[in-house]
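Okay, here's what each chain looks like letter by letter:
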Amino acid sequence: MKKIKLLFFILLIFALNLYAQQLIKPKNIILMIGDGMGLAQISAGKTYKGLLNLERMKVVGLLTTYSCDRYVTDSGASATAMSTGYKTKNVAIGVDCNGERRKTVLEYANEIGKSTGVVVVCAITHATPAAFVAHVPNRNMQIEIAEQIAKEANTDIYLGAGWGWFLPKSEGGRRTDGQNLIDTLKKRGYVYISKPEEFYNLDMSKVNKLIGLFAENHPPYAPDRKPTLAEMTRKAIEFLSKDKDGFFLMVEGSQIDWAGHDNNSEQILREVADFDDAVGVALDFAQRDGNTLVVVTADHETGGYALVDGSVNDKKVEGKFVTKDHTGVMVPVFAFGPGAEAFAGFGDNTLIGKKIFEYLKK
Ligand SMILES: [Zn+2]
C-alpha cells in the first residue's frame with residue numbers, strides 16, 4: 001500500500017511538472033531587434049511618442065553584448081549570438097568563434113514544422129537578418145548571403161528590401177555571376193513582390209511563401225518608407241499565425257542604428273517611434289493569442305547617445321554623441337507572454353538564442 005501511495009505521488013509530481021512546462025512553453029515566438037537601440041534611444045523615443053508600446057512589457061532585463069574578439073560588437077556578431085546562442089567574432093554571420101557553422105533558431109523552427117519569417121527595413125542580406133538565415137565568415141559577403149537565402153534557407157516569409165543582391169547587373173541588380181535568384185526563389189514556390197501597391201493589394205490566401213523586397217538596396221529613413229515596419233509585421237503575423245504548429249518571426253528596426261551612426265538625434269526619435277509601432281502590432285497579437293512570447297531587445301548601442309536636455313511637454317530632446325560608431329554599454333531586453341520571466345535581470349545576448357532554442361525544443 002505504501003509503495004502504491006509513493007508511486008501515485010511520483011506520478012502526480014511528474015504530471016504537475018509536465019503541466020508546468022506546458023504552461024511556459026510559447027507556441028509562437030516573435031523576436032524584435034532595435035538595431036543600435038540603447039536606453040538613451042528608448043528615452044528619446046518615449047519623450048517623442050509619450051507612451052511607448054514597449055511599456056506594455058513588464059519583464060525587463062539587461063544584456064551584455066561583447067563579441068569573441070571585441071568589447072564593442074557589430075550587428076553581425078550580436079545577431080549571431082541571438083540567433084544561435086553562440087558568441088562569434090565581429091563581422092561573422094551564423095558561425096561561432098572558431099568559424100564553425102551554427103544552426104539558428106529560425107532554421108530549427110523550420111525543422112520542427114513551424115512557419116518562419118523575417119521582417120526588416122534594410123536589405124535582407126544585411127547583417128542582422130542574415131544572421132538568422134545564412135552562414136558566412138564576413139557580413140560583406142552579401143552576394144553569397146543572397147545565394148544562401150535563395151537556394152538553402154526555408155524561411156516562409158521575407159519582407160524588407162535589397163532586390164539588387166538577387167539580380168544580375170544586366171537586369172539592374174548587383175550580381176556579376178549572371179544569376180537571377182528571384183527566378184530561383186519563384187521556382188521554389190515563393191511569390192515575389194517589389195512594389196508597395198503589390199504589398200497592399202496582395203491576396204494572401206493564394207500565397208504559400210512570400211518574398212517582398214521594396215528597394216534595390218536599403219529603403220529610406222522613416223517616415224518615407226512604404227510599407228512601414230508595422231504594416232509588414234502585421235502582414236507577416238497574419239500569414240504565419242495560420243500555422244497550427246506555431247511560428248518564429250524576427251523583426252528588426254534596422255535604421256535606429258543608422259540614425260546613431262549619422263549622429264542624427266531627430267531621426268533617432270522617428271526610428272524608435274516607428275519600431276515601437278511594430279512592437280505594438282506584435283503585442284496586440286500576443287495579447288489576443290495568449291500563446292505567443294514577444295522579446296524586444298537591441299544588438300548594441302550606437303553613438304554613445306546621451307540626452308543632455310529636453311522637454312516632455314514639447315516632446316523634444318537635446319542629444320549629444322561621443323562616437324559615430326557602436327558602444328559597449330549593456331542593452332535592455334523586454335519580454336511579454338509565456339516564458340517571458342527568463343529574460344528578467346542581468347544576462348548576456350547569447351541568452352536570447354539559448355532560451356529560444358530551449359522553448360522550441362520542449
Ligand atoms: Zn551599426
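Keep in mind it's a predicted model, so treat the numbers as computed, not measured.

### Re the coordination of the zinc ion
Link 1 in the chain: Looking at the metal site, the zinc ion is ligated by Asp257 (OD), Asp257 (OD), His261 (NE2) and His326 (NE2), spaced 2.1 to 2.4 Å from it.
Link 2 in the chain: Geometry at the zinc ion is irregular, judged from its four donor atoms and the angles of 57 to 149 degrees they form at the metal.
Link 3 in the chain: All donor residues of the zinc ion come from one chain, and their arrangement in sequence is D-x3-H-x64-H. Taken as a pair, His261 in helix H10 (residues 256-261) and His326 in strand E12 (residues 326-327) lie far apart in primary sequence, 65 residues in all.
Link 4 in the chain: His261 gets classed as partly exposed once you look at its relative accessible area, which sits at 24%.

### So, the sheet that holds strand E4 (residues 157-161)
Link 1 in the chain: Pairing is mixed in the open sheet, where 10 strands are placed in the order E5-E6-E4-E3-E7-E1-E8-E13-E2-E14. With one partner strand each, in any of the chains shown, strand E5 (190-193) and strand E14 (345-348) form the two edges of the open sheet. Direction aside, the axes of adjacent strands within the sheet are offset by 15 degrees on average.
Link 2 in the chain: Both strand E8 (residues 292-298) and strand E13 (residues 331-336) contribute to a ladder of four bridges, which runs antiparallel.

### Concerning the state of the cysteines
Link 1 in the chain: On inspection of all chains with the given rule, the structure shows one disulfide.
Link 2 in the chain: Each sulfur of the disulfide joining Cys68 and Cys97 lies 1.6 Å from the other. Highlighted residues: Cys68 in the loop between strand E2 (59-64) and helix H3 (75-84) and Cys97 in the loop between H3 and helix H4 (105-111), separated in sequence by 29 residues.
Link 3 in the chain: Given a relative accessible area of 32%, Cys68 falls into the partly exposed group.
Link 4 in the chain: For Cys97, a relative accessible area of 30% corresponds to the partly exposed category.

### Brief notes about the UniProt feature "binding site: Mg(2+)" (unreviewed entry) in the chain
Link 1 in the chain: In this numbering, the UniProt entry assigns the feature "binding site: Mg(2+)" (unreviewed entry) to Asp35, His126, Thr128 and Glu252. These annotated residues cover 218 residues of sequence, but their C-alpha atoms sit close together, with the largest distance between any two at 11.7 Å.
Link 2 in the chain: Among residues more than four places away in sequence, those in contact with His126 are Arg139, Gln142, His218 and Trp258.
Link 3 in the chain: With respect to the helices and strands, the residue Thr128 is situated in helix H5 (residues 127-133).
Link 4 in the chain: Residue contacts for Thr128: discarding those within four places in its chain leaves Ile33, Asp35, Ser75, Ala79, Met250, Glu252 and Asp299.
Link 5 in the chain: At 3.2 Å, the side chain of Thr128 forms a polar contact with the side chain of Asp35.

### A word on the packing of helix H9 (residues 229-240) against helix H11 (residues 265-289)
Link 1 in the chain: Their axes nearest at 8 Å, the elements H9 and H11 cross at an angle of 25 degrees. By the criterion of interaxial angle, the relationship of H9 to H11 is roughly parallel. The interaxial crossing formed by H9 with H11 has right-handed handedness. Contact with H9, carried on its side by Leu229, Ala230, Thr233, Arg234 and Ile237, involves Asp274, Phe275, Asp277, Ala278, Val281, Ala282 and Phe285 of H11 and no other residues of that element.
Link 2 in the chain: A class-by-class count of the residues in the contact of H9 with H11 yields eight nonpolar, one polar and three charged.

Thresholds applied
Residues numbered from 1 in each chain as written. Predicted model: local features only at pLDDT ≥ 70, side-chain atom pairs only at ≥ 80, totals over all residues. Heavy atoms only, no water. Donors = N, O, S within 2.8 Å, 3.2 Å for Na, K, Ca; no water. Tetrahedral: all angles 85-135°; square planar, octahedral: opposite > 155°, others 65-115°. Helix = DSSP H or I, 4+ residues; strand = E, 2+ residues; numbered from the N terminus. Buried < 20%, exposed > 50% of the residue type's maximum accessible area, 1.4 Å probe, protein only. Pairing = 2+ DSSP bridges. Axes fitted to C-alpha atoms, helices over the stretch in contact; angles between N-to-C directions. Disulfide = S-S within 2.5 Å. UniProt positions renumbered as here; feature names shortened; annotations may be inferred. Contact = heavy atoms within 4.5 Å. Polar contact = N/O pair within 3.5 Å; in protein donor to acceptor, adjacent residues only side chain to side chain. Parallel < 35°, antiparallel > 145°, perpendicular 65-115°, else oblique. Left-handed = near helix turned anticlockwise from the far one by under 90°. Nonpolar A, V, L, I, M, F, W, Y, C, P; charged D, E, K, R; others polar.

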